[in-house]
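Residues per chain, in single letters:
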Amino acid sequence: AGPPVFVSPHTHSASPLLPFTTTPPQNHRRHHLLPPPSGPSSRPRATMSRRAVIVSTARTGLTKSFRSGFNNTHGAVMQGHAIKHAIEKAGISPGDVEDVIIGCGFPEGATGMNIARNAALWAGCPVTTSGTTINRFCSSGLQAVASAAHSVMVDGVDVAIGGGVESISMVSPVASKTTVTEEKLMSEFPALWMPMIETADIVSARYGISREAQDVYSVESQRRTAAAQEAGLFKDEIVPMKATMLVTDKETGETSHKTVLADRDECNRPGTTLEALAGMNPVRSKVDPSAFITAGNASQLSDGASACVVMSEAEASRRGLQPLGAFKGFAVAGCAPDEMGIGPVFAVPRLLARHGLKVDDIDLWELNEAFAVVPLYSMQQLGIDHAKTNVNGGSIAIGHPFGMTGSRMVGHALLEGKRRGAKSAVVTMCIGGGMGAAGLFEIF
């Protein structure tokens, strides 16, 4: 089945405020936790003209939601693992990181309580490293990388982390039962609570994207991912991680635990054929006999986390680091909630226009495959060459942990772009509720 309906995150009650005194006893002063009065953290910095560069990226492999490796792994563990290894790859100290910005599609339950801050501490960052969690549904990870870059460019931050995490296994079953609608919005914009798979069926019918075209595209996505895995093209970004998987006996219902190693993306189905996909029934066939979306032409529910270390170009140079690329810009745009899948068609032109670029100027595209109809319609309307798009497959084959995918796509575009000698990349995706987001990157 396709991704479930998005639900609004719920806040958690705060703990009572700690007692406060204006002159705490000397033994309560924690001066030793504060950064030193000199060094990179305190010297004056020019803002607005600073360039933000990505110096490293790290992620977990993606495991199938509910029935595989990370189905019992807390979000702080997955994200902490990615942060820890992104820091190590960058060759910096955890204490150098000023802020950790993490995107999450469902920031509650096992990915709640400000998962960014918790994951930063899990990764070994000191208490002086801050963290904030942001939500823009499926583009949360991309938004987090952009926000980290903005903090470098505008606020004078030297080192930040942007990333994303999603535990569909642990959070979705709870979140789906706690959806709360609002009367005015439900009356005027009912599609805000519409299942994403239904919006994809609407886009397919409304804009004439055939079931066959979607199946053909999906077979190619599977083929490209299989070829990339065979060539080891994801090894530079995936950091193996041990996890304790929850195993349920189908006959007895009894549960047990199994130690597994998640060292690759396990959602890919290399043997997928067009005939096999054509034989699948649409997920919504009982309520809509003319539906288009099947389990074969939609993204796969999966769990995972990603992190990118972002810093000022001057700081990277001072440290003698070779960045993967530079953040150039970010744009979002809104559209009707019932056709959220066309969001990139509005976000991409806005992004390119602000930088004086055209579609043909971009060497590499990462266009999220929430459903096959999304890249198909976007490529058609924008004139994007499929040969430059999702060159190693996308979410249909790799998997789609909602809030994590954007960060994964950024890291992969930079690494793959370098292999291909590409100079520019755009990462773009549709967003639940009716939006699109797009980020522009220069590849070094």
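These notes cover the structure that comes with them. (Residues numbered from 1 in each chain as written. Predicted model: local features only at pLDDT ≥ 70, side-chain atom pairs only at ≥ 80, totals over all residues. Heavy atoms only, no water.)

Comments concerning the pairing of strand β5 (residues 159-166)
Inference 1: Here β5 lies mainly inside the structure; eight of its eight residues are buried.
Inference 2: Of the two faces of β5, the one carrying V159, I161, G163 and V165 and the one carrying A160, G162, G164 and E166 are both buried.
Inference 3: Bridge count for strand β3 (residues 99-103) against β5 is five bridges, and the pairing is parallel. Bridge pairing in β5 places V100 opposite I161.
Inference 4: Bridging between β5 and strand β8 (residues 302-312) involves eight bridges; their strand directions are antiparallel. If you follow G162 over to β8, its bridge partner there is C308. (Buried < 20%, exposed > 50% of the residue type's maximum accessible area, 1.4 Å probe, protein only. Helix = DSSP H or I, 4+ residues; strand = E, 2+ residues; numbered from the N terminus. Pairing = 2+ DSSP bridges.)

Some points on the pattern of salt bridges
Inference 1: Evaluated as defined, the whole model comprises 22 salt bridges.
Inference 2: For D338, the salt bridge is made with R206, and the minimal N-O distance between the two is 2.9 Å. In this pair, D338 sits in the loop between β9 (325-334) and α10 (344-354) while R206 sits in helix α6 (residues 196-206), placing the two residues 132 residues apart along the sequence.
Inference 3: For D338, a relative accessible area of 18% translates into the label buried.
Inference 4: Across the salt bridge formed by R223 and E220, the nearest N and O atoms sit 2.7 Å from each other. (Salt bridge = Lys/Arg side-chain N within 4 Å of Asp/Glu carboxyl O.)

Brief notes about the nonpolar core
Inference 1: Of all hydrophobic cores here, the largest spans 38 residues; its most connected members are W365, F371 and V426.
Inference 2: Secondary structure elements with two or more residues in this core: α6, β9, α10, β10 (364-367), α11 (373-382), β11 (424-431) and β12 (435-443).
Inference 3: A total of six residues in this core trace back to one element, the largest contributor, which is α11.
Inference 4: Core analysis: the second largest hydrophobic core is formed by 37 residues, A58, A90, C104 and I115 among them. (Core = buried A, V, L, I, M, F, W, Y, C linked by side-chain atoms within 4.5 Å.)

Considerations on the environment of E442
Inference 1: With respect to the element layout, E442 can be found in strand β12.
Inference 2: What makes E442 partly exposed here is its relative accessible area of 26%.
Inference 3: With 388 residues separating them in the primary sequence, E442 and I54 have C-alpha atoms 9.9 Å apart.
Inference 4: Non-local contacts of E442, meaning those with residues more than four positions away in its chain, are made with R51, L324, G325, A326, K328, L414 and K423.
Inference 5: Separated by 2.9 Å, the side chains of E442 and R51 make a polar contact. (Contact = heavy atoms within 4.5 Å. Polar contact = N/O pair within 3.5 Å; in protein donor to acceptor, adjacent residues only side chain to side chain.)

Describing the packing of aromatic side chains
Inference 1: Summed over all chains, the structure comprises three aromatic pairs.
Inference 2: Look at F106 and F402: their rings are 5.9 Å apart centre to centre, the planes differ by 50 degrees, and that puts the pair in the tilted class. Highlighted residues: F106 in the loop between β3 and α2 (115-122) and F402 in the loop between α12 (395-398) and α13 (405-420), separated in sequence by 296 residues. (Phe/Tyr/Trp six-rings, centres within 6.5 Å; stacked < 30°, edge-to-face > 60°.)

As for the pairing of β11
Inference 1: The buried count for β11 comes to eight of eight residues, which makes it a mostly enclosed element.
Inference 2: Where burial is concerned, the two faces of β11 agree: the one with S424, V426, T428 and C430 and the one with A425, V427, M429 and I431 are both buried.
Inference 3: Relative to β12, β11 runs antiparallel, the two being bridged by eight bridges. Residue pairing across strands places M429 opposite A437, the latter belonging to β12.
Inference 4: In this antiparallel pair of consecutive strands, β11 and β12, the connection spans three residues, and G433 shows a positive phi of 95 degrees.

Notes on unusual backbone geometry
Inference 1: The phi dihedral of M113 falls on the positive side, at around 55 degrees, and the residue is not glycine.
Inference 2: Within the fold, M113 resides in the loop between β3 and α2.
Inference 3: A positive phi angle, close to 55 degrees, is found at N114, a residue other than glycine.
Inference 4: Inspection of the secondary structure puts N114 in the loop between β3 and α2.
Inference 5: On the accessibility criterion, N114 (32% relative accessible area) is partly exposed.

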